[in-house]
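# Survey of secondary and tertiary structure
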Amino acid sequence: MGEWIETYRGIVAPWECDVTEHFTVAYYFDRLAVAAALAAKALGLVEPARGSVRLDLRFVRELRAGASFHVESAPLAIPEDGVRLAHRFVDSAKGESVTWVEQELALSALPPELRADLERRIVPWEGPPIETRPVPATRRGFFPTSRDRVRPADLDESGHLSLAGFVHRFTAGCIQGLAAIGLSAEYMHEERRGYSTFELKLAIDKAPRLGDAVLVETGILHLGNSSVRFLHAMVNPESGEEFGRLGQFGVQLDLDARRPAALPPQFRARAQALMMNGS
């Protein structure tokens, strides 16, 4: 059985926390990009050119301002067309895994020696199950939630929009989506409420470059007692070409009790109306 290797170590800075008072999801992806690159190097993989990206994240526990954490990575499976990596974010003070990530890397044929070495280093998946969620065939009923352009600070080493740059726009889409159903900044501040994500599914097929305009459209796919599942799509606003999608599942959170809180009836009605627009 293989061993996990450390691929990042750092802290949660106070300015990296969001209105829900915990580590902003975009900064998870910022650290994940570092961990994935160092994992690929440590495992002897030639880092692939920027292509499609598939990432599944499951959040088990929060990281809040001042938390120390590290990331450990290992191969999870070696399919014919690439490598599946596992990453886990670990609370350094407690030794507890707080976030689990599965990543798909598309690679050309691996040399037999490297494949054999990777197979010896495979680890079992110990995180929450990665569930398949239904998604609509079209964006009918989606509404605009973020409009922007790619700026120099958004770029990764390849000159494309970085993972964090994608997710910052999707986060804006989430906040706009929440406001559309009534969870405004005023409501969240006065009632001490937030939106806490427990699952993310990121799929990127093409990354925009410097100066490109981007539009995020958001659909509401599920509504529970306290939970809302969004699907955000980033597109070229002129051509409609889709760059990537983020499935986001979370709950309304009581910021004091740090527990899910039921959505008020009037907000549920607004959300259901938006869902019906896409039916």
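Residue positions within a chain follow its written sequence, with the count starting from 1. Reporting of local features is limited, given that this is a predicted model, to residues whose pLDDT is at least 70; pairs of side-chain atoms are given and counted only at 80 or more, and all residues count toward the totals for whole chains, interfaces and linings. With hydrogens and water set aside, each side-chain value is computed from the structure's full complement of heavy atoms.

Regarding its fold elements, the protein presents five helices and 11 strands. C-alpha extents for the protein along the principal axes are approximately 60 × 45 × 35 Å. Buried means the residue's accessible area, taken with a 1.4 Å probe over protein chains only, is under 20% of the maximum for its type, while exposed means over 50%, and partly exposed covers the values in between. With 279 residues in all, the protein has 50% of them scored as buried. Between two residues, a contact is recorded if the distance between any of their heavy atoms is within 4.5 Å. Taking all contacts inside the protein whose residues are at least 6 apart in sequence as the whole, residues at least 24 apart take part in 73%. The Shrake-Rupley method, run with a 1.4 Å probe sphere, supplies the accessible areas, and residue values consider only the shown protein chains as cover. Surface accessibility of the protein: about 13,200 Å² in total, with carbon and sulfur atoms responsible for 52%. Under the DSSP-based scheme used, a helix requires at least four consecutive residues in state H or I and a strand at least two consecutive residues in state E, with every element numbered from the N terminus.

Looking now at the pattern of salt bridges. Should their charged atoms come close, side chains of opposite charge can pair. Salt bridges are identified by distance alone: a Lys or Arg side-chain nitrogen within 4 Å of an Asp or Glu carboxyl oxygen. Inspection of the entire model under this criterion finds 29 salt bridges. Residues Glu 126 and Arg 88 are paired through a salt bridge, measuring 3.7 Å at the closest nitrogen-oxygen approach. Of this pair, Glu 126 sits in the loop between α2 (112-120) and β6 (143-149) while Arg 88 is found in strand β4 (residues 82-91), placing the two residues 38 residues apart along the sequence. It is possible to trace a salt-bridge network through shared partners that takes in Glu 21, Glu 62, Arg 64, Arg 192, Asp 256 and Arg 258.

Quick look at the side chain of Glu 102 now. Checked against the element boundaries, Glu 102 lands in strand β5 (residues 96-106). Taking relative accessible area as the criterion, Glu 102 reaches 12% and is therefore assigned buried. A polar atom in the side chain of Glu 102 sits 3.1 Å from the side chain of Arg 84. When near neighbours in sequence (up to four residues on either side) are disregarded, Glu 102 contacts Arg 54, Leu 55, Asp 56, Leu 76, Arg 84, Leu 85, Trp 125 and Ile 130. We call two N or O atoms a polar contact when they sit within 3.5 Å, provided that within protein one can donate a hydrogen and the other can accept it, with sequence-adjacent residues counted only if both atoms are side-chain atoms.

Let us now look at the packing of aromatic side chains. Side-chain rings of Phe, Tyr and Trp, where Trp is taken by its six-membered ring, are said to pair if the distance between their centres is within 6.5 Å; with planes under 30 degrees apart they count as stacked, over 60 as edge-to-face, and otherwise as tilted. One pass over the structure, following the stated rule, counts 13 aromatic pairs. Their ring planes at 20° and their centres at 5.9 Å tell us that Phe 69 and Phe 89 sit as a pair that is stacked. On the criterion of sequence distance, the pair formed by Phe 69 in strand β3 (residues 68-77) and Phe 89 in strand β4 is long-range, its members being 20 residues apart. Summarising the burial analysis for this pair, Phe 69 and Phe 89 share the class buried. When the NZ atom of lysine or the CZ atom of arginine is within 6 Å of a ring's centre and also within 35 degrees of its normal, the charge is said to sit over that ring. For the cation-ring pair, Arg 88 lies above Trp 4, with the distance from its terminal atom to the ring centre recorded as 4.0 Å.

You can see Ala 77 is positioned in strand β3. A residue is classified by how much of its surface remains accessible, and Ala 77, at 18% relative accessible area, is buried. Once you skip the residues sitting within four places of it in the chain, Ala 77 turns out to touch Val 83, Arg 84 and Ile 122.

Our focus in this paragraph is the layout of surface pockets. In this structure, the second largest pocket occupies an estimated 460 Å³ of space. Think of a 1 Å grid over just the protein atoms. A cavity is a set of points where a 1.4 Å probe fits yet cannot get out, a pocket is an open set with protein on both sides within 12 Å along at least five of seven lines, and lining residues have an atom within 4 Å of a point. Residue lining of the second largest pocket: 28 residues in total, with Thr 20, His 22, Tyr 195, Ser 196 and Thr 197 positioned closest to the centre. For the lining of the second largest pocket, the secondary structure elements donating two or more residues are α1 (25-42), α3 (163-180), β7 (193-204), β10 (242-254) and β11 (259-260). No other element matches the five residues that α3 contributes to the lining of the second largest pocket. Grid points are joined across faces, edges and corners, and a volume is the space filled by probe spheres set on the points.

On to the nonpolar core. Throughout this description, the term nonpolar core refers to a set of buried Ala, Val, Leu, Ile, Met, Phe, Trp, Tyr and Cys residues connected via side-chain atoms within 4.5 Å. If you look at the biggest cluster of nonpolar residues, it comprises 35 residues, and the most contacted ones within it are Phe 29 and Leu 55. Of all the secondary structure elements, the ones that give two or more residues to this core are α1, β2 (53-59), β3, β5, α3, β7, β8 (213-223) and β10. Per element, the largest residue contribution to this core is six residues, and it comes from α1. In this structure, Ile 181, Ile 220, Val 228 and Phe 267 belong to the second largest nonpolar core, which totals 14 residues.

Right, let's talk about the pairing of β2 for a bit. By the criterion of burial, β2 is predominantly enclosed, with six of the seven residues buried. Should DSSP find at least two bridges between two strands, the strands are regarded as paired. Direction of pairing for β2 relative to β7: antiparallel, over a ladder of six bridges. Bridge pairing in β7 places Arg 58 opposite Glu 199. Note that β2 and β5 share six bridges and pair antiparallel. What sits directly across from Leu 57, in β5, is Val 101.

Attention now goes to α3. Here a helix's expected span is defined as the number of its residues, less one, multiplied by 1.5 Å. Look at α3: 26 Å from first C-alpha to last across 18 residues, which is about the 26 Å you get at 1.5 Å a residue. Those residues of α3 lying buried are Leu 163, Ala 164, Gly 165, Phe 166, Val 167, Arg 169, Phe 170, Gly 173, Cys 174, Gly 177 and Leu 178. Gly 182 lies just past α3 and shows a positive phi near 115°.

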